[in-house]
Every structure is written in structure tokens, then in C-alpha cells.
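Commentary on secondary and tertiary structure
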Amino acid sequence: MNWPALLLIQQSWMLGPFTKPAGANPVVTPSASSRFRSPMNDSTVAWEEYATFNPAAVAKDGKVFLLYRAEDATGPRQIGAHTSRLGLAESSDGLRFTRRAEPVLYPDTDAQRQNEWPGGVEDPRIVATDDGMYVLTYTQWNRDVPRLAVATSRDLIHWTKHGPAFAGAAGGKYLGQESKSGAILSRVQGDRVVATRVNGKYWMYWGVPNLHIATSDDLIAWTPLEDADGRLLNVLSPRPGYFDSWLVEGGPPALLTAHGIVVLYNAGNDKTYGDSTLPARVYAGGQALFDARNPLKLLARSEMPFIRPTESYERTGQYSAGTTFVEGLVPFKGRWYLYYGTADSRVGVAIWDGHP
């Protein structure tokens, strides 16, 4: 059996199938014309010249907004060697976007400069709150330790940085450890993806190469769950012999559905599978189902990727092995739009006409 046939196998609890609209992709590409004066060294940079990828997505005021990671062209041409900032783009149809000229979140001369410079701010995920606030999880990269951080906003343009998500947890022991990719558990309310409590707490799936979990009372300060020996709990791990044999990493916000909690995750494989259309170290997308009353309890898991690199723009760029790195998922005008990074270089979209 080849990969296209296998990809048709979809369990009833899963989101999708998603299709990549012909002629629309990629929806955000690098631009050499955008200029921004960096407060870090008082220099003007082409802040989105090198790459635009890995976006968060939210629906607001009848439009889709993307917060996308943009890399300038400073430094050597290798992954992790540029400075990342977050740009903001908006669309009335979810396919054609207009961008702001300058980034909305970036390394600044603020309390987070030691965590965000020179690598920047990366890989956002976004949820709304009941009172209209937006909560952004993102990675701070100082080229020493990547740290999962939180920022909040009322308008998607002006952001308040709250620093590392785990700063106050376990006596600060997580400040020196790698953390990234925070997917906050949410419910669907019209076109809004709203952070929701389970058993009195907010929950967040996070981490790589295993998926961990954390709780919060306020969506800003988070506490990772540990076992009796003080080690992080793994709620989802790589599987030998599958498309996710190398690593698993949090995707868009987790969704509370009629079937349970659906977690879309990014997956890497450590060898070639199928008919060789999924070579080793390709990033594809998987789905997992957790118990709605116990976010730690895994109930089911996709056997095959629900999205994978099939198009040229998903294999062309910084990560040429191939990437469909899912981060933004939003309901909009009766459809679901999934936004993802392609080869660490551009933003793609896939669409599903369904309901979770």
C-alpha cells in the first residue's frame, strides 16, 4: 500500500481531511522591501527578507490574522543563525494577506532582552480569553537556551511580554532547560478559539522531542507536571516504526471536542517510510486524542500523518528535507484553516469543510 492510500484512513475523532488550495499557496513569502529599525543596535534591517514561516492564527472582526515568524538575512545562512521577529498579516478570505510594514513582537531593550537577543522571538501559538484578551505562547531564543514565553494583547499589535512561562515553577529549575511549543487547551466558540479550564485549571501541551503538559491559574504563570521523581511527565512520545519515530512537538492550540481533546502535533521520522515519499527527518503532522476529563490520558492516535510535504514549496528553503509544521488553526466562515510553516521558509494553508 502506498502513502496516498494510507492517508485516506482517518479515525472519526480526527480533524480533517484538510486540502491544500491550488493556486493560493504559499500565502506568506519573504519580502526584501520591508524595513525596521531594530532598537537593539539602532540599525535598519530587512526584517522579513530571509524567511517567513511558522504562524499563529486567529479570527477577529471578520478577518483572519496571522502572527508569523520572520527572519532577517543577517548572519550565516543556516538554521538558527538569524534574528526572528513576529509580523502581522490580515485577510478577508483566509488566502490573500496584507502585511504590516513592521513587526509587532521583537527583541527590544526591555526586561526580556537577555532571553530574546540575538536569536529573537519564534514560533507563536495564540488563543483568546473569555474577556477578549489574546494570549500568545512563543519561543525566546538567545542562541543559548530556547525558552517558552508568554505575551498578551488586546489588539494583536501592542504586546505585553510576561517572560518565560515556567519562571516561577519548581524553584526556577526550568529556566535553564530547553522549552518550546506551547499549545493551550481551548474550546471553539463561533470563530473564536478560547482558552478553557478543565478541573479548574488551564492546560498546555508543550515540548520536544516528547510532549509534556503544564497547568496554570491565569494563562501566564505555568507549572509543568512531574512524576514522583521530579521528572517531566511524557503524555505523548515518539513511536519506533512510525512517521513520528524521531520526535513529537506541540502544534496549534489543543481543542476540546465532542470526542475529547484533540491535539495536532508535529512529527519527525528517523528513517524513510512508505513509498519513499516521506524521507528521513521530514516534518509531518499527526493527531492525538486525550480524555476530556483527564488531559493526561491518551485515548487514540493517528497511524499515519494527516498532512505531509507533497508540494515543491514544502521542500524548498532552509529545511529542504521537507516540512509541514502546523501551528495555526482557526475556524472562519464555516471552514477550518490550518496554517503551517513550509521548509522553514514560507507559510502554507490547508482547509477543511467540517466540524470537530
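Our subject is the structure listed above.
Below is a short write-up of the structure. (Residues numbered from 1 in each chain as written. Predicted model: local features only at pLDDT ≥ 70, side-chain atom pairs only at ≥ 80, totals over all residues. Heavy atoms only, no water.)

So, about the sheet that holds strand E15 (residues 212–216). Spatially, E11-E14-E15-E16 is the arrangement adopted by the four strands of the open sheet, whose pairing is antiparallel. The open sheet has two edge strands with one neighbour each: strand E11 (183–184) and strand E16 (222–224). In the sheet, E11 pairs with strand E14 (residues 202–206) via two bridges, with the strands oriented antiparallel. Within E14, the residue paired with Ala-183 across the bridge is Tyr-205. (Pairing = 2+ DSSP bridges. Helix = DSSP H or I, 4+ residues; strand = E, 2+ residues; numbered from the N terminus.)

Further remarks concern the nonpolar core. Counting residues in hydrophobic clusters, the biggest one holds 21 residues, and the most contacted among them are Tyr-205, Leu-211, Leu-236, Ile-261, Val-263, Tyr-265 and Phe-290. Residue assignment for this core shows that the elements contributing at least two residues are E14, strand E19 (261–268) and strand E20 (283–290). Element by element, the count of residues in this core is highest for E19, at four residues. Non-local contacts of Tyr-205, meaning those with residues more than four positions away in its chain, are made with Ser-181, Gly-182, Ala-183, Leu-211, His-212, Ile-213, Val-235, Ala-254, Ile-261, Val-263, Phe-290 and Pro-295. (Core = buried A, V, L, I, M, F, W, Y, C linked by side-chain atoms within 4.5 Å. Buried < 20%, exposed > 50% of the residue type's maximum accessible area, 1.4 Å probe, protein only. Contact = heavy atoms within 4.5 Å.)

The next point concerns the packing of aromatic side chains. The geometry of an aromatic ring pair is captured by two quantities: the separation of the ring centres and the angle between the planes. For the coordinates displayed, the defined rule picks out 14 aromatic pairs. Ring centres 5.9 Å apart and planes at 70° place the aromatic pair Phe-332 and Tyr-337 in the edge-to-face group. Each residue in the set Phe-97, Phe-332, Tyr-337 and Tyr-339 is aromatic and connected to the rest through ring pairs, giving one cluster. Taking NZ or CZ as reference, Lys-60 lies 5.8 Å from the ring centre of Phe-65, over its face. In this structure, Arg-239 is placed above the aromatic ring of Tyr-242, and the distance from its NZ or CZ to the ring centre is 4.2 Å. (Phe/Tyr/Trp six-rings, centres within 6.5 Å; stacked < 30°, edge-to-face > 60°. Lys NZ or Arg CZ within 6 Å of the ring centre and 35° of its normal.)

Geometric descriptors of this kind do not, in isolation, establish any biological role.
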